[in-house]
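# Examining the three-dimensional arrangement
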Amino acid sequence: MAKKWTKREIGLLKASYQVAEKLGMRVVLFTEGLSRRSRAQCLDQARRLGIQRKKSGGFGLQWRCRITEFEKYYIAGILDGEGYISTNYGNYLVGVAMTDKKLIRWLQQKLGGTFQLRKRRMGKNGWNRQEYAWKINGMKQVRSFLSVMLPYLRIKNVKAKQVIKEIDKKSL
């Protein structure tokens, strides 16, 4: 018989289940402290509690209304400093990778996208830290995100313009 769910576990499940991607859900739940629960247990408990996952790829007006002007500047600064804009063989990707889990989780809650737990990286000074990543991919999502963030970007402004032009050419 499975152990009873604690209030803490139920709270963690409610907070992380809604934004968890279908394939990456186990990683999200593991990083949130639900490592002793299987994916099936989490799905069953969420079903019993009536929690539903939010649809991914929600880069329409919903997320634009949720972020303030100040947050747009803040996100642009993070993207300029720690982020990347990538075009690989027709795949478009915008993301941020760093060791600060709270900031990556905040980006995912504000903007949607995917939360990833990456392998530990050995730094120059011997530190061994866990790396977390947030990313969005796909032509529509990347185009929508970059077009909103373009006025706020300073360093990656040129790359963002190039990607937007490239996506527009493919869309025609």
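Scroll up a little and you will see the structure.
We now turn to the structure provided with this report. Just so it is clear, the structure is predicted and the values come from calculations on it, not from any experiment. (Residues numbered from 1 in each chain as written. Predicted model: local features only at pLDDT ≥ 70, side-chain atom pairs only at ≥ 80, totals over all residues. Heavy atoms only, no water.)

## What about the nonpolar core?
- In this structure, F145 and L146 are the most contacted members of the largest nonpolar core, which totals 30 residues.
- For this core, the secondary-structure elements that each account for two or more residues are helix 5 (69-82), strand 2 (91-98), helix 6 (101-111), strand 4 (128-137), helix 7 (139-149) and helix 8 (157-171).
- Counting residues per element, this core draws most heavily on helix 7, which supplies five residues.
- By size, the runner-up hydrophobic cluster in this structure holds five residues, among which are W5, L13, C42 and I51. (Core = buried A, V, L, I, M, F, W, Y, C linked by side-chain atoms within 4.5 Å. Buried < 20%, exposed > 50% of the residue type's maximum accessible area, 1.4 Å probe, protein only. Helix = DSSP H or I, 4+ residues; strand = E, 2+ residues; numbered from the N terminus.)

## Topic: the side chain of D80
- Mapping D80 onto the fold places it in helix 5.
- Of the side chains bearing the opposite charge, K156 lies closest to the buried D80, which forms no salt bridge; the N-O distance is 5.2 Å.
- Discounting residues that sit within four places of it in the chain, D80 has contacts with L153, R154, I155 and K156. (Lys, Arg positive; Asp, Glu negative; His and termini not counted. Salt bridge = Lys/Arg side-chain N within 4 Å of Asp/Glu carboxyl O. Contact = heavy atoms within 4.5 Å.)

## Some points on the packing of helix 7 against helix 8
- Between helix 7 and helix 8, whose axes approach to 10 Å, the crossing angle comes to 140°. Overall, the two elements helix 7 and helix 8 adopt an arrangement that is oblique. Seen along the crossing, helix 7 lies across helix 8 with a hand that is left-handed. Together, M139, V142, R143, L146 and S147 of helix 7 and A160, V163, I164, I167, D168, K170 and S171 of helix 8 make up the contact between the two elements.
- In terms of residue class, the contact of helix 7 with helix 8 is made up of seven nonpolar, two polar and three charged. (Axes fitted to C-alpha atoms, helices over the stretch in contact; angles between N-to-C directions. Parallel < 35°, antiparallel > 145°, perpendicular 65-115°, else oblique. Left-handed = near helix turned anticlockwise from the far one by under 90°. Nonpolar A, V, L, I, M, F, W, Y, C, P; charged D, E, K, R; others polar.)

## What about the packing of helix 5 against helix 7?
- Put simply, helix 5 and helix 7 touch, their axes get as near as 10 Å, and they point 110° apart. Relative to helix 7, the element helix 5 is oriented roughly perpendicular. Across the interface between the two elements, K72, I75, A76 and L79 of helix 5 pack against F145, V148 and M149 of helix 7.
- Here the contact of helix 5 with helix 7 is composed, by residue class, of six nonpolar, no polar and one charged.

## Considering helix 8
- Its 15 residues place the ends of helix 8 21 Å apart at the C-alpha level, agreeing with the 21 Å of an ideal helix rising 1.5 Å per residue.
- Listed as buried for helix 8 are N157, A160, V163, I164 and I167. Across the axial projection of helix 8, the buried residues extend over an arc of 125°, all falling on one side. Opposite the packed face of helix 8, turned more than 90 degrees from it, sit the exposed residues V158, K165 and K169.
- On its buried side, helix 8 packs onto strand 1 (83-88), strand 2 and helix 7. (Expected span 1.5 Å × (residues − 1). Arc of directions from axis to C-beta.)

## Digging into the pattern of salt bridges
- Applying the stated criterion to the full structure yields three salt bridges.
- Note that D44 and R47 form a salt bridge whose closest N and O atoms lie 3.1 Å from each other. You can see D44 and its partner R47 sitting in helix 3 (residues 39-49), three residues apart, about one turn around the helix.
- Where K110 meets E71, a salt bridge forms, and the shortest distance between an N and an O atom there is 3.3 Å. With K110 in helix 6 and E71 in helix 5, this residue pair connects regions lying 39 residues apart in the sequence. Like E71, K110 is buried.

It is worth stressing that arrangement in space is one thing and function is another; only the former is reported here.
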